[in-house]
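Below, each chain spelled out in residue letters.
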Amino acid sequence: MTYFADVGALARKDLLLELRARDTLPAMLLFVVSTLVVFHFVLPVGSSDLAATGLLWVALLFTALLGLSRSFAAEREQGVIDGLVLAPSDRSAIWLGKALSILAFLGLAEVIALPAYALFFKPVSAALVGGVVLADLGIAAVGTLLAAMATASRARELLLPLLFLPLAIPIVIGGVGASVSADPGRYLGLLGLYDALFAIICWASFEYVVTE
Amino acid sequence: MIRARALEKRYGDTRILRGVTLDVGSDDFLLVTGPNGSGKTTLLRLCAGLAAPTRGELEVGVERGRLGYLGHEPLVYRELTALENLDLYGRLYRVPDRRERTGMLLERFGLWDVRHARAGSFSRGMLQRLALCRTLLHEPSLLLLDEPYSGLDDEGEQLLDRELTERAGRASFVVATHEPERLEHFASARLALV
Ligand SMILES: Nc1ncnc2c1ncn2[C@@H]1O[C@H](COP(=O)(O)OP(=O)(O)OP(=O)(O)O)[C@@H](O)[C@H]1O
Ligand SMILES: [Mg+2]
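In this report, the structure presented in the accompanying data block is examined. (Residues numbered from 1 in each chain as written. Chains lettered and ligands numbered in written order. Predicted model: local features only at pLDDT ≥ 70, side-chain atom pairs only at ≥ 80, totals over all residues. Heavy atoms only, no water.)

### Describing the sheet that holds strand β4 (residues 55–60) of chain B
All names here are of chain B.
Link 1 in the chain: What the 3 strands build is an open sheet, ordered β2-β1-β4; its pairing is antiparallel. In this open sheet, the two edge strands, each paired with only one partner strand, are β2 (14–24) and β4. Neighbouring strand axes in the sheet, compared pairwise and without regard to direction, differ in orientation by 25° on average.
Link 2 in the chain: Bridging between strand β1 (residues 2–11) and β2 involves 8 bridges; their strand directions are antiparallel. (Pairing = 2+ DSSP bridges. Helix = DSSP H or I, 4+ residues; strand = E, 2+ residues; numbered from the N terminus. Axes fitted to C-alpha atoms, helices over the stretch in contact; angles between N-to-C directions.)

Structure, rendered in structure tokens:
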């Protein structure tokens, strides 16, 4: 149970930092809403709803990338990550705490983004919401690990999208599929499987990312 | 507590530590000296497990939670207050009576009045005091201190002297310093890096 207390303390710290510095969430909100506005004008009149759905997923994915690129900013500063790595808690708690805070930011951004999408394009289906929730889990799991890896490198701005976007392809396939398919169950299943698989992989391998 | 044999660290082609051998028993006080760039910080980071040796053996016979590491950086979040930072570490280290203990340390290091100020607004010396609070918070049994006096004023130096005097002989120390005179009377062993 101390494990979850550690995770809670770490996630709470991230939310507190965000509340103080407002580094991440406002940027994500601004980005996702303005992207949707642009997309509204990008699509020619009479375009299919399918195109709009695709664009929504583009917006969500890059919003997530924006959030992820900032996720370890506070730890990168003056090597604070060392302080966390030194603490006796299991290192995977650092990953889980960070993933939870990213999940919270993503969720909050989407609480605004999905109504905006409904306003500009078309109503949001339950399958789409389900797809977004499952996609968020996968994005947070994989993204946190990759963001930690990228943080250690000097080319982090380049490295994170380079690592993240290929690994996010199954998420996009599952998400778009769930949003447009007549049988979203299969795609939601794919997303669920991806989440479970990558959550386990990332949970187990985070230790090696933050230690030399 | 620490046993190192022919310890070596390389960054690329540069060898930093050239076969360091040392033994630090429980309650020993090892003073590490050497010019800038001689590898004092590297040695402490190896002992803390923050870096891995390239060659040689290194055993640190104390679990992570019993280790106190004071580095060049204070390892605190600048956007959190002094109190919030110590509270976070207190939780992670499962410090009993966390609140009393953080309060007591802040008081001792003269930071009580600024406990609600962001660490980012602290001066160099105040940050060093906060870093010392963080290091001592969980009463470690092995202390790795990298230039602990750096940035401290006279009062701060005396406060640190007091803490060290209290703990010398009751915990193991590895202290890197450029002022060995100040710590000479604590030292039970010396290591001069070149
Ligand atoms: N992460 C790193 N990558 C490459 N070189 C490094 C790294 N860390 C340290 N070094 C090199 O290792 C050498 C020893 O550095 P270290 O910080 O251990 O010295 P030091 O004895 O603590 O010096 P000082 O008295 O200035 O604190 C230096 O030449 C430094 O450039
Ligand atoms: Mg040094």
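Read on for the rest.
### Focus: the coordination of the magnesium ion (ligand 2)
Octahedral metals with six donors have ideal donor angles of 90 or 180 degrees. Tetrahedral metals with four donors have an ideal donor angle of 109.5 degrees.
Residues and elements named next belong to chain B.
Link 1 in the chain: Ligation of the magnesium ion (ligand 2) by protein atoms is provided by Thr-41 (OG1) and His-72 (NE2), these donors lying 1.9 to 2.3 Å from the ion. Residue Thr-41 is located in helix α1 (residues 40–48), and its partner His-72 is located in the loop between β5 (67–70) and α2 (82–92); the two are separated by 31 residues in the primary sequence.
Link 2 in the chain: Assessed through its relative accessible area of 24%, Thr-41 is described here as partly exposed. (Donors = N, O, S within 2.8 Å, 3.2 Å for Na, K, Ca; no water. Buried < 20%, exposed > 50% of the residue type's maximum accessible area, 1.4 Å probe, protein only.)

### A closer look at the pattern of salt bridges
Link 1 in the chain: Within the structure shown, the criterion is met by 27 salt bridges over all chains.
Link 2 in the chain: Measuring nitrogen to oxygen at the nearest pair gives 2.3 Å for the salt bridge that ties Arg-94 of chain B to Asp-6 of chain A. Here the residue Arg-94 of chain B occupies a position in the loop between α2 and α3 (98–108), and Asp-6 of chain A occupies one in helix α1 (residues 2–21), the pair thus bridging two chains.
Link 3 in the chain: Between Arg-5 of chain B and Asp-23 of chain B there is a salt bridge, and its shortest N-O distance comes to 3.0 Å. Taken as a pair, Arg-5 of chain B in strand β1 and Asp-23 of chain B in strand β2 lie far apart in primary sequence, 18 residues in all.
Link 4 in the chain: Overall, the relative accessible area of 26% leaves Arg-5 of chain B in the partly exposed class.
Link 5 in the chain: A cluster of three or more residues bridged by salt bridges with shared partners is formed by Arg-101, Arg-108, Glu-139, Glu-163, Glu-166 and Arg-167 of chain B. (Salt bridge = Lys/Arg side-chain N within 4 Å of Asp/Glu carboxyl O.)

### Some thoughts on the sheet that holds strand β3 (residues 29–33) of chain B
Residues and elements named next belong to chain B.
Link 1 in the chain: As summarised here, the arrangement of the 5 strands in space is β5-β6-β7-β3-β8, forming an open sheet in which the pairing is parallel. Edge positions in the open sheet fall to β5 and β8 (189–192), since each of these has one partner strand only. Ignoring which end each strand starts from, the neighbouring axes of this sheet average 10° apart.
Link 2 in the chain: Relative to β5, helix α4 (residues 124–136) is tilted by about 165°, and along the sheet it contacts β5 and β6 (142–146). (Contact = heavy atoms within 4.5 Å.)

### Some remarks on the interface of chain A and chain B
Link 1 in the chain: Contacts between the two partners involve 26 residues from chain A, matched on the other side by 26 residues from chain B.
Link 2 in the chain: For the chain A and chain B pair, buried surface summed over both sides reaches about 2,500 Å², with 60% attributable to carbon and sulfur atoms.
Link 3 in the chain: In terms of surface lost to chain B, no three residues of chain A exceed Leu-86, Pro-88 and Glu-212 of chain A, which account for 27% of the buried area on that side.
Link 4 in the chain: Across the contact surface, chain A and chain B share 4 salt bridges.
Link 5 in the chain: One salt bridge connects Arg-45 of chain B with Asp-82 of chain A, and the closest N-O pair in it is separated by 2.9 Å.
Link 6 in the chain: Mapped onto the side of chain A that touches chain B, the elements with two or more residues apiece are α1, α4 (73–76) and α5 (80–86) of chain A.
Link 7 in the chain: Residue contributions to the side of chain A that touches chain B peak at 10 residues, all from α1 of chain A.
Link 8 in the chain: A per-class count over the side of chain A that touches chain B returns 12 nonpolar, 5 polar and 9 charged. (Buried area = accessible area lost by both parts, 1.4 Å probe. Nonpolar A, V, L, I, M, F, W, Y, C, P; charged D, E, K, R; others polar.)

### Quick notes on the packing of aromatic side chains
All names here are of chain A.
Link 1 in the chain: All told, the structure shown has 5 aromatic pairs over all chains when counted by the stated rule.
Link 2 in the chain: Taking the centre distance of 5.4 Å and the plane angle of 90° together, the rings of Tyr-3 and Phe-4 count as edge-to-face.
Link 3 in the chain: Relative accessible area serves as the criterion here: at 52%, Phe-4 is assigned to the exposed category.
Link 4 in the chain: Note on Tyr-117 and Phe-121: the rings are 5.3 Å apart at their centroids and 35° apart in plane angle, and the pair reads as tilted. Grouping residues by exposure puts Tyr-117 and Phe-121 together as buried. (Phe/Tyr/Trp six-rings, centres within 6.5 Å; stacked < 30°, edge-to-face > 60°.)

### Some words on the side chain of Ser-179 of chain A
Residue and element names in this part refer to chain A.
Link 1 in the chain: Mapped onto the elements, Ser-179 comes out in helix α8 (residues 156–180).
Link 2 in the chain: In this structure the side chain of Ser-179 is engaged in a polar contact, spanning 2.9 Å, whose partner is the side chain of Trp-57.
Link 3 in the chain: If sequence neighbours within four positions are ignored, Ser-179 has contacts with Thr-53, Trp-57, Ser-125 and Leu-128. (Polar contact = N/O pair within 3.5 Å; in protein donor to acceptor, adjacent residues only side chain to side chain.)

### Re the site of ligand 1
Residues and elements named next belong to chain B.
Link 1 in the chain: Ligand 1 sits among 13 residues. The nearest are Asn-36, Gly-37, Lys-40, Thr-41 and Thr-42.
Link 2 in the chain: Interatomic distance of 2.8 Å between a side-chain N/O atom of Asn-36 and an oxygen atom of ligand 1.
Link 3 in the chain: Separating an oxygen atom of ligand 1 from a side-chain N or O atom of Thr-41 is a distance of 2.6 Å.
Link 4 in the chain: Contact with the protein chains removes 58% of the 630 Å² of surface that ligand 1 exposes when unbound.
Link 5 in the chain: Among the elements that make up the shell around ligand 1, the one with the highest residue count is α1 (3 residues).
Link 6 in the chain: Of the residues contributing to the shell around ligand 1, the split by class is 3 nonpolar, 8 polar and 2 charged. (Near = heavy atom within 4 Å. Areas by Shrake-Rupley, 256 points an atom, 1.4 Å probe, with all protein chains shown as cover.)

These results come straight from atomic positions and should not be treated as a statement about function.
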